[in-house]
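For reference, the chains in residue letters:
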Amino acid sequence: MVKDIVIYPDKRLKQVSKEVTEFNEELHELLEDMYDTMVSKKGVGLAAIQIGVPKRVLIINLPEDDSKDEEIKKEDTLEVINPIFIEKNGSWKNQEGCLSIPGFYEDIERAKHVIVEYQDRYGNKHTINTDEFLAVALQHENDHLDGKVFIEKLSILKRKKFEKEWKKKHK
Ligand code: CO
């Protein structure tokens, strides 16, 4: 079911999400709701707190490099539960946006390469070793689980400009 997205500066976005301990029907329903919501808003990633659920759950569905059609395939969705970054290195700049901060995009520098341990919807453990787009998407979504949004990475000047424009737009 499509849920409402929590929009900046809602305080829930500052909440630190809790570890998932039960890999049950409720979790699977949450993952379905997250997928439906992400697709309906044309996002490429979503953290559970963005639909108001403070659990360490994120999903990512990046468009394939070589495919020209925009069609999103559900089976391509990466479901990441309780992620732990065990390695982060290099640096890579890429334009980011966020469904909780609609209409705002900015270049953000993050680690280029990451190794992340996580669990799937059944509680099975996996390790992902990746770089560039997927690596920064994992970092962006994982920040949500720690109560952080990408605009916190802006320079003071750019942040001030953003806040001013955001307030004007969302009065
Ligand atoms: Co986001």
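Preceding this paragraph is the structure being described.
Keep in mind the model is a prediction, meaning the values are calculated, not measured.

Trainee: Would you take a moment to explain the overall build of the protein for this structure?
Mentor: The helix and strand tally for the protein stands at three helices and seven strands. What you see in the protein, going N to C, is helices and strands ordered as α-β-β-β-β-β-β-β-α-α. Here the protein has a C-alpha radius of gyration of 16 Å; the compact-globule value for 171 residues is 16 Å, and the two agree. In the protein, once contacts between residues fewer than 6 apart in sequence are set aside, the share between residues at least 24 apart is 65%. Accessible surface for the protein amounts to roughly 10100 Å². Of this, 49% is attributable to carbon and sulfur atoms.

Trainee: So what exactly am I meant to see when it comes to the coordination of the cobalt ion here?
Mentor: Angles at a metal have ideal values that depend on geometry: 109.5 degrees with four tetrahedral donors, 90 or 180 degrees with six octahedral donors. Coordination of the cobalt ion by the protein is provided by Cys-98 (SG), His-140 (NE2) and His-144 (NE2), with metal-donor distances spanning 2.1 to 2.3 Å. Mapping the donors of the cobalt ion onto the primary sequence gives the spacing C-x41-H-x3-H. With a gap of 42 residues between them, Cys-98 in the loop between β4 (92–96) and β5 (106–110) and His-140 in helix α2 (residues 132–145) connect regions that are remote in the sequence. For His-140, a relative accessible area of 5% corresponds to the buried category.

Trainee: How should I be thinking about helix α3 (residues 156–169) in this particular structure?
Mentor: One turn of the α-helix equals 3.6 residues, which is why residues spaced by three or four share an orientation. The first and last C-alpha atoms of α3 sit 20 Å apart over 14 residues, in line with the 20 Å expected at 1.5 Å per residue. Among the residues making up α3, those that are buried are Phe-162, Glu-163 and Trp-166. Buried residues of α3, seen end-on, are gathered within an arc of 100° and therefore sit on one face of the element. Exposed and facing more than 90 degrees away from the buried side of α3 are Leu-157, Lys-160, Lys-161, Lys-164 and Lys-168.

Trainee: Sorry, what's going on with the sheet that holds strand β6 (residues 113–119) here?
Mentor: The strands that make up a sheet pair up through hydrogen bonds in the backbone, lying either parallel or antiparallel. With antiparallel pairing, five strands are arranged side by side in an open sheet as β1-β2-β3-β6-β7. Each edge of the open sheet is held by one strand with a lone partner, namely β1 (45–47) and β7 (125–131). The mean angle between the axes of side-by-side strands here comes to 40°, regardless of whether they run parallel or antiparallel. Running over the sheet, helix α1 (residues 25–40) touches β1, β2 (57–60) and β3 (78–89) and is turned about 40° from β2. Across the sheet, α2 is in contact with β1, β2, β3, β6 and β7; its angle to β2 comes to roughly 150°.

Trainee: I tried to follow the packing of aromatic side chains on my own but got confused; where do I start?
Mentor: By convention here, two paired aromatic rings are described through the distance between centres and the angle between planes. Applying the stated criterion to the full structure yields six aromatic pairs. Note on Phe-104 and Phe-162: the rings are 4.6 Å apart at their centroids and 55° apart in plane angle, and the pair reads as tilted. Of this pair, Phe-104 sits in the loop between β4 and β5 while Phe-162 sits in helix α3, and the two are 58 residues apart along the sequence. Neither Phe-104 nor Phe-162 differs from the other in exposure class; each is buried.

Trainee: How should the pattern of salt bridges be read in this particular structure?
Mentor: Think of it this way: side chains of opposite charge can pair up when their charged atoms draw near. Enumeration according to the criterion identifies 13 salt bridges in this entry. Linking Arg-110 and Glu-96 is a salt bridge whose minimum nitrogen-to-oxygen distance equals 2.7 Å. Of this pair, Arg-110 sits in strand β5 while Glu-96 sits in strand β4, placing them 14 residues apart in sequence. Overall, the relative accessible area of 5% leaves Glu-96 in the buried class. The partner of Lys-161 in a salt bridge is Glu-165, and the shortest N-O contact between them spans 3.8 Å. Of this pair, Lys-161 and Glu-165 both sit in helix α3, four residues apart, roughly one helical turn. Here the salt bridges share partners, and the residues they tie into one network are Glu-32, Lys-74, Glu-79 and Arg-121.

About the criteria used
- Residues numbered from 1 in each chain as written.
- Predicted model: local features only at pLDDT ≥ 70, side-chain atom pairs only at ≥ 80, totals over all residues.
- Heavy atoms only, no water.
- Helix = DSSP H or I, 4+ residues; strand = E, 2+ residues; numbered from the N terminus.
- Rg over C-alpha atoms; globule rule 2.2 N^0.38 Å.
- Contact = heavy atoms within 4.5 Å.
- Areas by Shrake-Rupley, 256 points an atom, 1.4 Å probe, with all protein chains shown as cover.
- Donors = N, O, S within 2.8 Å, 3.2 Å for Na, K, Ca; no water.
- Buried < 20%, exposed > 50% of the residue type's maximum accessible area, 1.4 Å probe, protein only.
- Expected span 1.5 Å × (residues − 1).
- Arc of directions from axis to C-beta.
- Pairing = 2+ DSSP bridges.
- Axes fitted to C-alpha atoms, helices over the stretch in contact; angles between N-to-C directions.
- Phe/Tyr/Trp six-rings, centres within 6.5 Å; stacked < 30°, edge-to-face > 60°.
- Salt bridge = Lys/Arg side-chain N within 4 Å of Asp/Glu carboxyl O.

Read these as geometric descriptors, not functional statements.
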